[in-house]
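Inside the fold
For reference, the chains in residue letters:
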Amino acid sequence: MTYLDYQATTPLAAEARQAMLRWLAEDGFANPHSAHAMGRAAKAAVEVAREQVAALFPPGGKVIFTGSATEAINLAIQGRAYGAIAVSAIEHAAVRDTARAVGSYHELPVGPDGLVDPQVALPDGLGLVAVMQVNNEIGTIQPVAHLAERAHQVGALFLCDAVQGAGKLAAPASADLIAVSAHKLYGPKGIGALWIRDGVELSPLIHGGGQESGLRSGTLSPALCAGFGAAVQVALARQEEDAAHVSGLWDAARDELARWTLNGSETERWKGNLNLRLNGLDVARLMSECRRVMFSAGSACASGSGRPSHVLRALGLSDNEARSSIRLGFGRYTTREELIEACRAIDAAAKTQGV
Ligand code: PLP
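Residues numbered from 1 in each chain as written. Predicted model: local features only at pLDDT ≥ 70, side-chain atom pairs only at ≥ 80, totals over all residues. Heavy atoms only, no water.

Remarks on the overall build of the protein
Across its full length, the protein holds eleven helices and 13 strands. In terms of overall dimensions, the protein is globule-like: its C-alpha atoms have a radius of gyration of 21 Å, near the 20 Å expected for 355 residues. Here the protein holds 355 residues, and 54% of them are scored as buried. If you take every contact in the protein between residues at least 6 apart in sequence, the share linking residues at least 24 apart comes to 69%. Split by element, the accessible area of the protein, about 14,400 Å² in all, is 52% carbon and sulfur. In the protein, the 32 positive side-chain charges and the 36 negative ones have mean positions that sit 4 Å from each other. (Helix = DSSP H or I, 4+ residues; strand = E, 2+ residues; numbered from the N terminus. Rg over C-alpha atoms; globule rule 2.2 N^0.38 Å. Buried < 20%, exposed > 50% of the residue type's maximum accessible area, 1.4 Å probe, protein only. Contact = heavy atoms within 4.5 Å. Areas by Shrake-Rupley, 256 points an atom, 1.4 Å probe, with all protein chains shown as cover. Lys, Arg positive; Asp, Glu negative; His and termini not counted. Charge placed at Lys NZ, Arg CZ, Asp CG, Glu CD.)

Observations concerning the sheet that holds strand 10 (residues 273-277)
Pairing is antiparallel in the open sheet, where four strands are placed in the order 9-10-13-12. The open sheet has two edge strands with one neighbour each: strand 9 (261-262) and strand 12 (296-297). Where strand 10 meets strand 13 (residues 325-329), five bridges bridge the pair, whose relative direction is antiparallel. Looking at strand 13, one finds that Arg277 is bridged to Ser325. (Pairing = 2+ DSSP bridges.)

Considerations on the nonpolar core
Val53, Phe65, Phe158, Val180 and Phe228 are the most contacted members of the largest nonpolar core, which totals 52 residues. Shared between two domains, this core holds at least three residues of each, these being domain 1 (2-9 + 239-351) and domain 2 (14-237). (Core = buried A, V, L, I, M, F, W, Y, C linked by side-chain atoms within 4.5 Å. Domains from an automatic or database assignment.)

Description of the pattern of salt bridges
Note on pairing: side chains with opposite charge can pair once their charged atoms come close. Taken as a whole, this structure holds 20 salt bridges when the rule is applied. Two residues, Arg327 and Asp5, come together in a salt bridge whose shortest N-O distance is 3.0 Å. Here Arg327 is found in strand 13, whereas its partner Asp5 is found in the loop between strand 1 (2-3) and helix 1 (14-24), with 322 residues between them in sequence. Like Arg327, the residue Asp5 is buried in the burial classification. Put simply, Glu212 and Arg50 hold a salt bridge, and the shortest N to O gap is 2.8 Å. (Salt bridge = Lys/Arg side-chain N within 4 Å of Asp/Glu carboxyl O.)

Description of the sheet that holds strand 6 (residues 157-161)
Reading across the sheet, the seven strands line up as 2-8-7-6-5-3-4 and stay open at both edges, with mixed pairing between neighbours. For this open sheet the edge positions go to strand 2 (61-66) and strand 4 (104-108), each flanked by a neighbour on one side alone. Averaged over all neighbouring strand pairs, the angle between strand axes comes to 20°, with direction disregarded. For strand 7 (residues 177-181) and strand 8 (residues 192-197), the ladder comprises five bridges, and the chain directions are antiparallel. Paired with Ile178 across the bridge in strand 8 is Trp195. The sheet strands contacting helix 5 (residues 144-153) are strand 5 (126-130) and strand 6, and the helix crosses strand 6 at an angle near 155°. (Axes fitted to C-alpha atoms, helices over the stretch in contact; angles between N-to-C directions.)

As for unusual backbone geometry
Phi at Tyr186 is positive, roughly 75°, even though this residue is not glycine. Residue placement: Tyr186 occurs in the loop between strand 7 and strand 8. When its relative accessible area of 7% is taken as the criterion, Tyr186 is described as buried. A positive phi angle, close to 55°, is found at Ser213, a residue other than glycine. If you trace the backbone, Ser213 turns up in the loop between strand 8 and helix 6 (222-237).

Concerning helix 11 (residues 336-351)
An α-helix turns once every 3.6 residues. As a result, residues three or four positions apart point the same way. A rise of 1.5 Å per residue sets the reference length of helix 11, with its 16 residues, at 22 Å; its end C-alpha atoms lie 22 Å apart and thus fit the reference within 8%. Listed in full, the buried residues belonging to helix 11 are Leu339, Ile340, Ala342, Cys343, Ile346, Asp347, Ala349 and Ala350. As for helix 11, its buried residues are in contact with strand 1, helix 7 (239-256), helix 8 (283-289), strand 11 (293-294) and strand 13. (Expected span 1.5 Å × (residues − 1).)

What to know about the site of the ligand
In the vicinity of the ligand, the residues found are Ser68, Ala69, Thr70, His92, Met132, Asn136, Asp161, Val163, Gln164, Ser181, His183 and Lys184. Side-chain polar atom of His92 to an oxygen atom of the ligand: 3.3 Å apart, as the coordinates give it. Asp161 is positioned with one of its side-chain polar atoms (N or O) 2.6 Å from a nitrogen atom of the ligand. Look at the ligand: alone it shows 390 Å² of surface, and the protein chains cover 87% of it. Class assignment for the residues of the shell around the ligand results in three nonpolar, seven polar and two charged. (Near = heavy atom within 4 Å. Polar contact = N/O pair within 3.5 Å; in protein donor to acceptor, adjacent residues only side chain to side chain. Nonpolar A, V, L, I, M, F, W, Y, C, P; charged D, E, K, R; others polar.)

Considerations on the domain arrangement of the protein
In terms of domain boundaries, the protein breaks down into domain 1 (2-9 + 239-351) and domain 2 (14-237). The C-alpha-based centres of domain 1 and domain 2 are spaced at 26 Å. Taken residue by residue, the interface counts 24 residues in domain 1 and 33 residues in domain 2. For the pair domain 1 and domain 2, the summed buried surface comes to about 2,400 Å²; carbon and sulfur atoms form 51% of the total. Across the domain 1-domain 2 interface, the total number found is zero salt bridges. The tally of links from domain 1 across to domain 2 stands at 20 residue pairs in polar contact (both at pLDDT 80 or more). Elements that contribute at least two residues to the side of domain 1 that touches domain 2 include exactly strand 10 and helix 9 (310-314). The leading source of residues in the side of domain 1 that touches domain 2 is helix 9, at four residues. Class assignment for the residues of the side of domain 1 that touches domain 2 results in eight nonpolar, twelve polar and four charged. (Buried area = accessible area lost by both parts, 1.4 Å probe.)

Have a look at this one:
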């Protein structure tokens, strides 16, 4: 099996697993919100993890642990009455659907390269602008620092979904709210975080025991926090090495699949994401013929809706072009050999379709 779906989730780093084991052991079960010695030890581990995760973000804010990035994004968007909200046309559903649900919703278009124009017109009366750092389907890196400044100029706050960029790229220093997820950076599933700039007031969505500064009630899992913290520590220590590895993988895969067309900018991108199309390709058939390669349809239809991806459509691709796209995602633990072998298998299977 070759795993090429790193945008969906990443393998758990050995360092993260090791950090978690201490809190999954027989004596590691205490509630970190208890005042006794075992509780205080668990709380200390949570606070070490919070410091480790905080290293992803600019100074001058706080880290609130959540159950996922989806929850962090919901807290950021629903935790305040913004009035009008503008989001990029290629945001993840966590941002799009939440923004749509709460207020007057505006979409910022992207060009055929999958990038928001930094000079894009912002409608009047905005309270929030949300643009992701790295797109999960096509890997494009948005000009988020510039867009955050533009948001501030019109009096709006800026939310950045940094789920696919965290640990790989520096966080946008001028954002007000940043959402991240442990399982996209080699940490465990079931934990995310929202970074909130000092002075930005939010109201909780989840009420109860008042944990996480009253913003997210519920007992934290020391194991998940410790795994998240360790994963961030490793990601930051290996940032350059990981990026160089992924860049080499990208070159190898591009060479193997040179006849395929790339979706999204060639240059402004995270190179661990290769979204490609071959006109006329039957992706479902390709996937069933390449069962030993774990990859995605580039048009990842929203929960079986049958509609092609809003991201590929936003680039200007036709339904057919979107439907003939695949996404290969690779990262720290992918080897060049397995990637080349998988690319050859995919290309050979496509050829049997006559495309
Ligand atoms: N935002 C982006 C860009 C993502 O890729 C994902 C995960 O698919 C999410 C948000 C949601 O993250 P989580 O799985 O932690 O809810």
